[in-house]
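So you can see what is in the structure, the chains are spelled out below.
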Amino acid sequence: MNCRTFLAACIVLGTASLPAFAQEASYQEDLQFVQRLRTRGDHVLAQEFLQRLAKTAAPELAKELPLEFAKTSLAAAADEPETSKRIQIYQQART
């Protein structure tokens, strides 16, 4: 009887933690997708996707978004051939 109670408690606790794990994994996957877009050179799509994420961001993701916006801007600036535009993008990324 005691073993059954322990087993039931483990099952309940194990399944209760699944939604939290799934939510964390989903925003990590979104950030990995943004990284792949940046690597591919699709900076505009990465910015748009980040803006879409920001509208419904969980608190954990909301903490990460300013850094991701800055990384995306810096990647766009690095690919910009014109110096004046590159400097302007760098300045925007700092704010």
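What counts as what
Residues numbered from 1 in each chain as written. Predicted model: local features only at pLDDT ≥ 70, side-chain atom pairs only at ≥ 80, totals over all residues. Heavy atoms only, no water. Phe/Tyr/Trp six-rings, centres within 6.5 Å; stacked < 30°, edge-to-face > 60°. Helix = DSSP H or I, 4+ residues; strand = E, 2+ residues; numbered from the N terminus. Buried < 20%, exposed > 50% of the residue type's maximum accessible area, 1.4 Å probe, protein only. Polar contact = N/O pair within 3.5 Å; in protein donor to acceptor, adjacent residues only side chain to side chain. Contact = heavy atoms within 4.5 Å.

(A) How the structure looks around the packing of aromatic side chains. Tallying each qualifying case throughout the model produces one aromatic pair. Consider the rings of F33 and F49, whose centres lie 5.1 Å apart with planes at 75 degrees: the pair is edge-to-face. Taken as a pair, F33 in helix 2 (residues 18-40) and F49 in helix 3 (residues 43-55) lie far apart in primary sequence, 16 residues in all. You can call F33 partly exposed: its relative accessible area is 34%.

(B) Representation of the side chain of S73 within the structure. Secondary-structure assignment places S73 in helix 4 (residues 59-78). You can call S73 buried: its relative accessible area is 16%. In terms of polar contacts, S73 uses its side chain to reach the side chain of Q47, at 3.1 Å. Setting aside chain neighbours within four positions, we find S73 in contact with Q47, I89 and A93.

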